[in-house]
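# Structural description and commentary
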Amino acid sequence: MIRAVLIDDERNSLETLRMELELNCPDIEVVATSLGPEAGQAAIAQHKPDLVFLDIQMPGMNGFELLQSMDHVSFDVIFVTAFDTYSMQAIKVSAMDYLLKPVDGEELKKAVEKVRANQELRQSKERVDFLLTNLQAGTTGFSKIALPTLKGLDFVNVEDILFCEADGNYTTIHTDQGESYVISRTLSEFEEMLSNSMFFRTHKSYLINLQHIKQYIKGSGGQIIMKNGTSVQVARARKELLMERIFPRS
């Protein structure tokens, strides 16, 4: 069983989330529901949960500030929010997860499954610290991204990523140093995470770093030759947008 604490300043949201957990995640034991951040801090100290479902927008102290106030974070976090904002991108880049209100049962199951798969890594504090650092970066973009692997978390410089390649529900990240990381996230998720940087979706299977293009070969869609010599396909429907990104009009 995974012992969980739910923290939100809206009673209806707490009750709805608890009901969805009972319906969709029978291995989650809700040990406390806390109305507001102060009650949440007390519940975490008392119950020492494995997982905390944490609302972001709360009066007096938001979810990020609650985490920042803690000396040690020994639990996983799934954020719950009514707003899809820049903060959500920072959460994803930090290898953490969030749910939008009203919580969808299928999305809830996926988020809990990721927590369950990562339980042995025991890197909650590193993820939280990395998230708080990313939030301080503002909208200027993230310099690093956290990649969850079988061994733990690898922190990779965004500028060192050559391209991302889709493989079903997995994505392979290829770097300038010749390293490859197979990550249990879809390419669409990485496209969302890297939307503020120099990345472009050339094809359903490829997301490339425009700074590492070596050559463009003409064709119906064409091909991109990356810095390491890899040939990347360009979909016909994406060609014009790609040209605009490479050669922006004044």
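Relevant structure appears above.
This text gives an overview of the structure that appears in the document. These numbers were taken from a predicted model, which means no experiment stands behind them.

## What about the sheet that holds strand β10 (residues 180-183)?
Strand pairs in the sheet, formed through backbone hydrogen bonds, run parallel or antiparallel to each other. What the five strands build is an open sheet, ordered β10-β9-β8-β12-β11; its pairing is antiparallel. This sheet does not close on itself; its edge strands, each paired only once, are β10 and β11 (199-203). Strand-to-strand, the axes of this sheet are offset by a mean angle of 20°, without reference to chain direction. Across four bridges, the pairing between β11 and strand β12 (residues 206-209) is antiparallel. When the bridges of β12 are listed, phenylalanine 199 appears paired with asparagine 209.

## Here's the deal with helix α1 (residues 11-24)
Here α1 is 14 residues long and its end C-alpha atoms lie 20 Å apart, about the 20 Å a rise of 1.5 Å per residue gives. In this fold, the buried residues of α1 make contact with β1 (2-8), β2 (28-35), β3 (51-55), β4 (76-81) and α5 (105-118).

## Some thoughts on the pairing of strand β14 (residues 223-226)
Consecutive residues of a regular strand have side chains that alternate between opposite faces of the sheet. Across four bridges, strand β13 (residues 213-217) lies against β14 in antiparallel orientation. By the bridge assignment, glutamine 215 is partnered in β14 with isoleucine 225. Between the end of β13 and the start of β14, which pair antiparallel, lie five residues, with glycine 222 showing a positive phi angle near 100°. Here β14 pairs with strand β15 (residues 231-233) via three bridges, running antiparallel. Each residue of the ladder has a partner; that of isoleucine 224, found in β15, is valine 232. Between β14 and the antiparallel strand that follows it, β15, lie four residues; glycine 229 among them carries a positive phi value of about 95°.

## A word on the sheet that holds β4
Spatial ordering of the open sheet is given by β2-β1-β3-β4-β5, a layout of five strands whose pairing is parallel. Edge positions in the sheet fall to β2 and β5 (97-100), since each of these pairs with one other strand and no more. Neighbour-to-neighbour, the strand axes of this sheet turn through a mean angle of 20°, independent of strand direction. Bridge count between β4 and β5: four bridges; the pairing is parallel. If you follow isoleucine 78 over to β5, its bridge partner there is aspartate 97. Sitting on the sheet, helix α2 (residues 37-47) touches β1, β2 and β3, and the angle it makes with β2 is about 145°. Against the sheet, α5 engages β1, β2, β3, β4 and β5, with an angle of about 165° to β5.

## A closer look at the environment of phenylalanine 163
Take phenylalanine 163: it is sitting in strand β8 (residues 161-167). Each C-alpha atom of the pair phenylalanine 163 and isoleucine 44 lies 40 Å from the other, and the pair is 119 residues apart in sequence.

## A look at the environment of valine 232
Residue position: valine 232 is located in strand β15. What makes valine 232 buried here is its relative accessible area of 0%. Setting aside residues no more than four positions away along its own chain, valine 232 makes contact with Thr202, Tyr206, Ile208, Gly222, Gln223, Ile224 and Met226.

## What to know about the packing of aromatic side chains
Taken as a whole and assessed by the stated rule, the structure comprises three aromatic pairs. Ring centres of phenylalanine 64 and phenylalanine 79 lie 5.3 Å apart, and the angle between their planes is 55°; on these two criteria the pair is classed as tilted. In this pair, phenylalanine 64 sits in helix α3 (residues 63-68) while phenylalanine 79 sits in strand β4, placing the two residues 15 residues apart along the sequence. Phenylalanine 79 sits in the buried class, given a relative accessible area of 0%.

## Some words on the pairing of β11
Along β11, five of the five residues are buried, which leaves the element largely enclosed by surrounding structure. Where β11 hands over to β12, the hairpin turn is made up of two residues, counted between the paired strands.

The rules behind these values
Residues numbered from 1 in each chain as written. Predicted model: local features only at pLDDT ≥ 70, side-chain atom pairs only at ≥ 80, totals over all residues. Heavy atoms only, no water. Pairing = 2+ DSSP bridges. Helix = DSSP H or I, 4+ residues; strand = E, 2+ residues; numbered from the N terminus. Axes fitted to C-alpha atoms, helices over the stretch in contact; angles between N-to-C directions. Expected span 1.5 Å × (residues − 1). Contact = heavy atoms within 4.5 Å. Buried < 20%, exposed > 50% of the residue type's maximum accessible area, 1.4 Å probe, protein only. Phe/Tyr/Trp six-rings, centres within 6.5 Å; stacked < 30°, edge-to-face > 60°.

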